[in-house]
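# Examining the three-dimensional arrangement
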Amino acid sequence: MTHRALADLNLEDLKQCAPEQLQTHSVSAVLLALGSNYQAEKYLPRAREQLTALGEIQLSTAFQNPDFTATPELPKPDYTNQCVYLTLTSAMTLQQLQQTFKKIESDCGRQRCSESIKNSIKKVAMDIDILLIKLGDRKNSLSNNLAPKKIVKNSEQWIIMADRYPFKTHERAGVEELILSGL
C-alpha cells in the first residue's frame, strides 16, 4: 500500500528541530532508518515485525553499505540499512517512541558500548534512528513555531530531526524512495 501522506513531501521545505524540543509532542507517523552490521538477515525482520505492532509500515529497499567509521587500520563490517515509514495506530509522544525503539533494539540484542571501547569493532544487531516525525497534535502551543515552512497535503506537519540531518547517503536514498512510492 502506498502512503499518500508522503506524496508531496519536500525535504528542503521542512523545518528542522532538535528532538529535545519535541519530547512531549504527540507523533502520528515517523520515518525511520534501521541499520545492522551483525546478522542483519535475522534482526531486520525481527525489528520490522515489532514495528508492525505499532502500526502500518512501508519499507524502502535494503542497502548494504560500508561502515563510514572504518579505516584501513580498523576495517569494520558492512551495514544493512533500510528506511521505514510507520503510521502509528495510536499517537505516542516522541519520548515514548524513543523508549519503544530502544526496547526493540535491546530485544534484538543491541548492546551499547562505553566510549572506552572506541577502537574495538562494534557489532550492532539493530539501530533505529528517527529521521522525520509527523506531529499528531496539530493545534499545540508550538505548532506555529514548529510547522513546516510549506504545509504539505492534508496539513501534515512533518519535521526533520535536526540531529540526523543532513541525512547519510543511504538514508536519503531510502527516504526519497518512500516519498516517490507515495505518488
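Residues numbered from 1 in each chain as written. Predicted model: local features only at pLDDT ≥ 70, side-chain atom pairs only at ≥ 80, totals over all residues. Heavy atoms only, no water.

### A closer look at the overall build of the protein
Each helix and strand in the protein was counted, giving 4 helices and 7 strands. Reading the protein from its N end, one meets helices and strands in the order β-β-α-β-β-β-α-β-α-β-α. Burial statistics for the protein: of 183 residues in total, 47% are counted as buried. Pairs at least 24 apart in sequence give 80% of the contacts found in the protein among residues at least 6 apart. Counting every atom, the protein has about 9,600 Å² of accessible surface; 50% of that belongs to carbon and sulfur. (Helix = DSSP H or I, 4+ residues; strand = E, 2+ residues; numbered from the N terminus. Buried < 20%, exposed > 50% of the residue type's maximum accessible area, 1.4 Å probe, protein only. Contact = heavy atoms within 4.5 Å. Areas by Shrake-Rupley, 256 points an atom, 1.4 Å probe, with all protein chains shown as cover.)

### Some thoughts on the nonpolar core
Soluble, globular proteins show a tendency: their nonpolar side chains are buried together. With 29 residues, the main nonpolar core has Val30, Leu32, Leu51, Phe101, Met126, Ile130 and Ile133 as its most contacted residues. Listing elements by their share of this core, those giving two or more residues are β2 (26-36), α1 (40-52), β5 (79-93), α2 (94-107), β6 (127-135) and β7 (158-161). No other element matches α1, which puts 5 residues into this core. Look past the residues within four positions of isoleucine 133 in its chain and what remains in contact with it is Leu22, Val27, Ala29, Val30, Leu94, Gln157, Trp158, Ile159 and Met161. Membership of the second largest hydrophobic core comes to 17 residues, among which are Cys83, Tyr85, Leu131 and Ile160. (Core = buried A, V, L, I, M, F, W, Y, C linked by side-chain atoms within 4.5 Å.)

### Some thoughts on the environment of lysine 122
Inspection of the secondary structure puts lysine 122 in the loop between α2 and β6. Separated by 46 residues in the primary sequence, lysine 122 and lysine 76 place their C-alpha atoms 8.0 Å from one another.

### Things to note about α1
Along an α-helix, residues three or four apart share an orientation, since each turn contains 3.6 residues. In a regular helix each residue adds 1.5 Å, so 13 residues correspond to 18 Å; α1 covers 18 Å between its end C-alpha atoms and thus fits that length. Next to the buried residues of α1 lie β2, β3 (55-59), β5 and α2. (Expected span 1.5 Å × (residues − 1).)

### Details of the environment of leucine 11
Looking at the element boundaries, leucine 11 is found in the segment before β1 (15-17). Non-local contacts of leucine 11, meaning those with residues more than four positions away in its chain, are made with Leu132, Ile160, Phe167, Arg172, Val175 and Ile179.

### What to know about the packing of α1 against α2
For the pair α1 and α2, the least separation of the axes is 10 Å and the interaxial angle reads 145°. Of the two possible hands of crossing, α1 and α2 adopt the one that is right-handed. Taken together, the residues of α2 that come into contact with α1 (itself represented by Arg46, Ala47, Gln50 and Leu51) are Phe101, Ile104 and Asp107. Tallied by class, the residues present in the contact of α1 with α2 amount to 4 nonpolar, 1 polar and 2 charged. (Axes fitted to C-alpha atoms, helices over the stretch in contact; angles between N-to-C directions. Left-handed = near helix turned anticlockwise from the far one by under 90°. Nonpolar A, V, L, I, M, F, W, Y, C, P; charged D, E, K, R; others polar.)

### A closer look at the confidence of the model for the protein
Averaged over all residues, the pLDDT of the protein equals 84, while 79% of them reach at least 70. Per-element confidence in the protein ranges from a low mean pLDDT of 48 for helix α3 (residues 143-146) to a high of 97 for α1. Counting contacts from residues 139-144, a segment whose pLDDT is below 50, to residues more than four positions away or on other chains yields 7 contacts. Note on residues 146-155: pLDDT is under 50 here. Beyond four places in sequence and across chains, it has 26 contacts. (pLDDT = per-residue confidence, 0-100.)

### Here we look at the pattern of salt bridges
For the structure shown, the criterion picks out 7 salt bridges. Note that aspartate 107 is salt-bridged to lysine 103, the shortest N-O span being 3.1 Å. Taken together, the residues span about one helical turn, with aspartate 107 and lysine 103 both in helix α2 at a distance of 4 residues. Arginine 164 is paired through a salt bridge with aspartate 129; the nearest N and O atoms lie 3.4 Å apart. Of this pair, arginine 164 sits in the loop between β7 and α4 (169-181) while aspartate 129 sits in strand β6, and the two are 35 residues apart along the sequence. Here arginine 164 and aspartate 129 have matching classes, each one buried. What you see here is one network of salt bridges that share partners, running through Glu12, Arg172 and Glu176. (Salt bridge = Lys/Arg side-chain N within 4 Å of Asp/Glu carboxyl O.)

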